[in-house]
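Listed below, chain by chain, are the residues.
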Amino acid sequence: MKMKNGSNRKVDYGNWVSTKLIVTTAGLACFFWLLHFGLGRIHLLKPLPYLMVEVPKMFCYLSFILCSAGCLYFGVARLLFSEKGGKIQGKIVGLLVDHIAWNGKGRVVDIGCGNGYLAVLLAKKYPGAVIMALDYWKGLWGYSQEQSEANAKSEGVGGRITFRRAGAARLPFEDGTFDLAVSNLVFHEVSQVGDKKELIKEALRVVKKGGAFVFQDLFLARNDYGRKEQLMETIKSWGVEKVYFVDTSKSKFIPFWLRLPFMVGTIALIYGVK
Ligand SMILES: C[S@@+](CC[C@H](N)C(=O)[O-])C[C@H]1O[C@@H](n2cnc3c(N)ncnc32)[C@H](O)[C@@H]1O
């Protein structure tokens, strides 16, 4: 997501469909097409047994089709997610913000902040909030601490957001440090932890008793979180005061073909009061 703000400086919040993914699928499509073409040529120069050429050629052709379709799919998805296209990324973050029930005064932590889109949104919405936004900035997306800080500064909220490199698996804060904890589409990405529920528990650890939390992730992915009812029971057993579950994957603005499990087909919100 690239936008120009009032001072005409470029703000870049990135896109969940990274260009690396599109370039990789395009590169693979080219590779398989060349291989398919090369096999045909070899066969012309030196005839080989039918199966030795036709089977690999068929495999290369099918792989070419698959990679080309993947490239097109991710390209269109990127456009729809972007601010210049369908704005879906911003709308999905908006679903999280809509579920924050908080008076707006105190300390906030945004776990896995990317380029700081949500942190900046919260800083603008809550002038009384001081925000700690953390990420390990290592993934596919090209997000960085420098760009996050530049974004916050350009948006005029740099003074109230601290960006810090840290991992979601072990948050470098005392128990009960924050009045509000948020996290958007991060937990499923954390490879260091096998049981993703542990990441929710760790995020809740740093929230004050009576503080608020809103997390959005692939909570409908049973491999990661189990059944929704069971997940809610587990969270309640940790002693939170109130917890609610909202299936956000069926939001009207998300087209059906983006509701695949590896896109946003299993997203949901968990929010409540600790
Ligand atoms: C899909 S992006 C979402 C970014 C941001 N929350 C947003 O809504 O735009 C996933 C983010 O999770 C971060 N991430 C992945 N594993 C992490 C970890 N172990 N600790 C902290 N951040 C992590 C990535 O660096 C990336 O910024």
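Since the model is a prediction, treat every value here as computed from it, not as a measurement.

Draft legend 1. Layout of the site of the ligand. Lining the immediate environment of the ligand, one finds 18 residues, of which Trp16, Gly112, Asp135, Ala168 and Asn184 sit closest. At 2.9 Å, a backbone N or O of Ala168 approaches a nitrogen atom of the ligand.

Draft legend 2. Examining a nonpolar patch on the surface more closely. Together, Trp33, Leu34, Phe37, Tyr61 and Ile65 make up a nonpolar patch on the protein surface, roughly 500 Å² of accessible area in all. Every element with two or more residues in the nonpolar patch is listed here: helix H1 (19-45) and helix H2 (50-81). Per-element tally for the nonpolar patch: the top contributor is H1, with 3 residues. By secondary structure assignment, the location of Tyr61 is in helix H2. Owing to a relative accessible area of 36%, Tyr61 belongs among the partly exposed residues under this scheme.

Draft legend 3. Summary view of the nonpolar core. Within the largest apolar cluster, 32 residues are counted, with the highest numbers of intra-cluster contacts made by Val109, Phe187, Ile200, Phe215, Phe219 and Ile270. The greatest single-element share of this core, amounting to 4 residues, is contributed by helix H6 (residues 197-205). In this structure, Phe219 is in contact with Phe187, Ile200, Tyr225, Leu231, Phe245, Thr266, Ala268, Leu269 and Ile270, ignoring residues within four places of it in sequence. Judged by nonpolar contacts, the second largest core, of 30 residues, contains Val108, Val120, Ala123 and Ala212.

Draft legend 4. Up close: the confidence of the model for the protein. Residues at a pLDDT of 70 or more form 97% of the protein, whose mean pLDDT is 93. Between residues 5-9, whose pLDDT stays under 50, and residues either more than four places distant or in other chains, the model counts 8 contacts.

Draft legend 5. Expanded view of the pattern of salt bridges. The full count for this structure, using the stated rule, is 9 salt bridges. The partner of Asp179 in a salt bridge is Lys208, with the nearest N and O atoms 3.0 Å apart. Within this pair, whereas Asp179 is found in strand S6 (residues 178-184), its partner Lys208 is found in strand S7 (residues 207-217), the two being separated by 29 residues in sequence. Exposure remark for Lys208: the relative accessible area of 33% places this residue in the partly exposed category. A salt bridge links Glu233 to Lys236; the shortest N-O distance between them is 3.9 Å. Note that Glu233 and Lys236 are positioned in helix H8 (residues 228-237) at a spacing of 3 residues, about one turn of the helix. On the basis of relative accessible area, Lys236 is assigned to the partly exposed category, the value being 44%. Via salt bridges that share partners, Arg170, Asp175, Glu202 and Arg205 belong to a single interconnected network.

Thresholds applied
- Residues numbered from 1 in each chain as written.
- Predicted model: local features only at pLDDT ≥ 70, side-chain atom pairs only at ≥ 80, totals over all residues.
- Heavy atoms only, no water.
- Near = heavy atom within 4 Å.
- Polar contact = N/O pair within 3.5 Å; in protein donor to acceptor, adjacent residues only side chain to side chain.
- Patch = residues over 30% accessible without salt bridge, like charges linked within 9 Å, V, L, I, M, F, W, Y side chains within 5 Å.
- Areas by Shrake-Rupley, 256 points an atom, 1.4 Å probe, with all protein chains shown as cover.
- Salt bridge = Lys/Arg side-chain N within 4 Å of Asp/Glu carboxyl O.
- Helix = DSSP H or I, 4+ residues; strand = E, 2+ residues; numbered from the N terminus.
- Buried < 20%, exposed > 50% of the residue type's maximum accessible area, 1.4 Å probe, protein only.
- Core = buried A, V, L, I, M, F, W, Y, C linked by side-chain atoms within 4.5 Å.
- Contact = heavy atoms within 4.5 Å.
- pLDDT = per-residue confidence, 0-100.

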